[in-house]
Structure formats: C-alpha cells, structure tokens
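# Architecture and fold: a report
Next come the chains, spelled out residue by residue.
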Amino acid sequence: MPVKGLGAYDDQNIFARILRGEIPCRKVFEDQFALAFHDINPQAPVHVLVIPRHRSISFADFTANASQAEIAGFFRAVGAVARELGLEAPGYRLLANMGEDSGQEVPHFHVHLFGGQPLGPMLARPAG
Ligand code: AMP
C-alpha cells in the first residue's frame, strides 16, 4: 500500500532499476532479501546503501507491507554488511531518509551505512 504523501511505488526509480540489473552498481553484498552497494556520491570513506528487494518507498511502507521474513532478512543483511566491512569495532552510522523533510531522493526504502572515520555530529545544525 502506498504511504500517504509519497504516492505509489515507482518501478522506474533508480534502485528498482539497479535491482533488476538494468543499471550497474558496485555491489558489496546480496542475498534473497537485500542488495548493498557503494553510494555513487560518497559522504564518508565508507558509504554503502543497503536496500531491500521488496518494493517499498519508506520505512513505514516496508514494515507494514513486507513479510516478516523480508523484514528480518533485510535487517540481518544490514548487520552482515557492517560486519563484513569490518565496521563493528571502529563503529559506523546508519541513516534512512523518509519523505520531503529528510531530502529523500530515491523513492525505494534504503539505509545508508557510513564509516571509516569519526563521523562528527549526527545532524548538521541549521544556520542562524
Ligand atoms: P536518499 O537521499 O536517502 O534518497 O539517498 C539516495 C542516495 O542514492 C544518494 O546518496 C545518492 O548519491 C545515491 N545514488 C543515486 N543514484 C545512485 C546510483 N546509480 N548508484 C549508487 N548510488 C546512487
């Protein structure tokens, strides 16, 4: 079911096209529930996107409409990616943007995984 304010799932969004293999990505992990790849415009030394295969726009859409296996599989995949990238000990940050106020650009639910250096404050402070 589409999440209010975000409209219907767009099958032509860039992550849907990456999942279908129509656009290449620098893959770091994949299983039946998730795909992880390097962000094309990295904001940290490690900047990986983890996306579920389920067609969801947002966290609310994903957790309401994906199966329990898909939800568990996705979050296990996020953990596996962090472990496989060697980020457990130094630490890392997960971030997910939802909707207009967050600046979400790609309307397919995804988690950003940042690491590889001290990451600084959690949010940029608005000027003024
Ligand atoms: P968001 O603002 O949370 O929707 O983030 C979307 C992210 O997708 C941005 O960090 C982009 O740099 C990244 N991105 C867009 N297109 C691609 C692509 N083809 N391959 C990898 N990352 C991409």
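The sections below set out a description of the structure shown in this document. (Residues numbered from 1 in each chain as written. Predicted model: local features only at pLDDT ≥ 70, side-chain atom pairs only at ≥ 80, totals over all residues. Heavy atoms only, no water.)

Attention now goes to a nonpolar patch on the surface. Taken together, F59, F75 and M98 make up a surface patch of nonpolar side chains, about 250 Å² in accessible area. With respect to the element layout, M98 can be found in the loop between β4 (92-95) and β5 (111-115). For M98, a relative accessible area of 30% corresponds to the partly exposed category. (Patch = residues over 30% accessible without salt bridge, like charges linked within 9 Å, V, L, I, M, F, W, Y side chains within 5 Å. Areas by Shrake-Rupley, 256 points an atom, 1.4 Å probe, with all protein chains shown as cover. Salt bridge = Lys/Arg side-chain N within 4 Å of Asp/Glu carboxyl O. Helix = DSSP H or I, 4+ residues; strand = E, 2+ residues; numbered from the N terminus. Buried < 20%, exposed > 50% of the residue type's maximum accessible area, 1.4 Å probe, protein only.)

Taken together, 5 strands build an open sheet; the order of strands is β1-β2-β3-β5-β4 and the sheet is antiparallel. Looking at strand neighbours, the two that pair on one side only are β1 (27-30) and β4, the edges of this open sheet. Averaged over all pairs of adjacent strands, the angle between their axes in this sheet comes to 20 degrees, without regard to strand direction. With 4 bridges joining them, β4 and β5 adopt antiparallel strand pairing. Across the sheet, the residue bridging to R93 is F114, located in β5. (Pairing = 2+ DSSP bridges. Axes fitted to C-alpha atoms, helices over the stretch in contact; angles between N-to-C directions.)

The next thing to look at is the pattern of salt bridges. This model, assessed by the stated rule, comprises 5 salt bridges. For D11, the salt bridge identified is with R55, shortest N-O distance 3.0 Å. Linking D11 in the segment before α1 (14-19) with R55 in the loop between β3 (46-52) and α2 (59-65), this pair joins segments that are 44 residues apart in sequence. A relative accessible area of 33% places D11 in the partly exposed class.

Further remarks concern the packing of aromatic side chains. Within the structure shown, the criterion is met by 7 aromatic pairs. Aromatic side chains F62 and F74 sit 5.4 Å apart centroid to centroid with 80 degrees between the ring planes, which places their arrangement in the edge-to-face category. Of this pair, F62 sits in helix α2 while F74 is found in helix α3 (residues 68-84), placing the two residues 12 residues apart along the sequence. Judged by relative accessible area, F62 falls into the buried class, the value being 0%. Look at F74 and you get buried, because its relative accessible area is 0%. One aromatic cluster is present, built from ring pairs that chain together F59, F62, F74, F75 and F109. (Phe/Tyr/Trp six-rings, centres within 6.5 Å; stacked < 30°, edge-to-face > 60°.)

This part takes up the nonpolar core. V48, V50, F74, V81 and L113 are the most contacted members of the largest nonpolar core, which has 19 residues in total. Every element with two or more residues in this core is listed here: β2 (34-38), β3, α3 and β5. When residues of this core are assigned to their parent elements, the largest contribution, 7 residues, is made by α3. Setting aside chain neighbours within four positions, we find L113 in contact with V46, H47, V48, V78, V81, A82, L85, L87, Y92, R93 and L94. If you look at the next biggest cluster of nonpolar residues, it comprises 7 residues, including L35, F37, L49 and I51. (Core = buried A, V, L, I, M, F, W, Y, C linked by side-chain atoms within 4.5 Å. Contact = heavy atoms within 4.5 Å.)

One turn of an α-helix holds 3.6 residues; hence residues three or four places apart share an orientation. Its 17 residues give α3 an end-to-end C-alpha distance of 24 Å, which sits within 8% of 24 Å, the value for a rise of 1.5 Å per residue. Within the sequence span of α3, burial applies to I71, G73, F74, A77, V78, A80, V81 and A82. Contacts made by the buried residues of α3 are with β1, β2, β3, α2, β4 and β5. G86 lies just past α3 and shows a positive phi near 75 degrees. (Expected span 1.5 Å × (residues − 1).)

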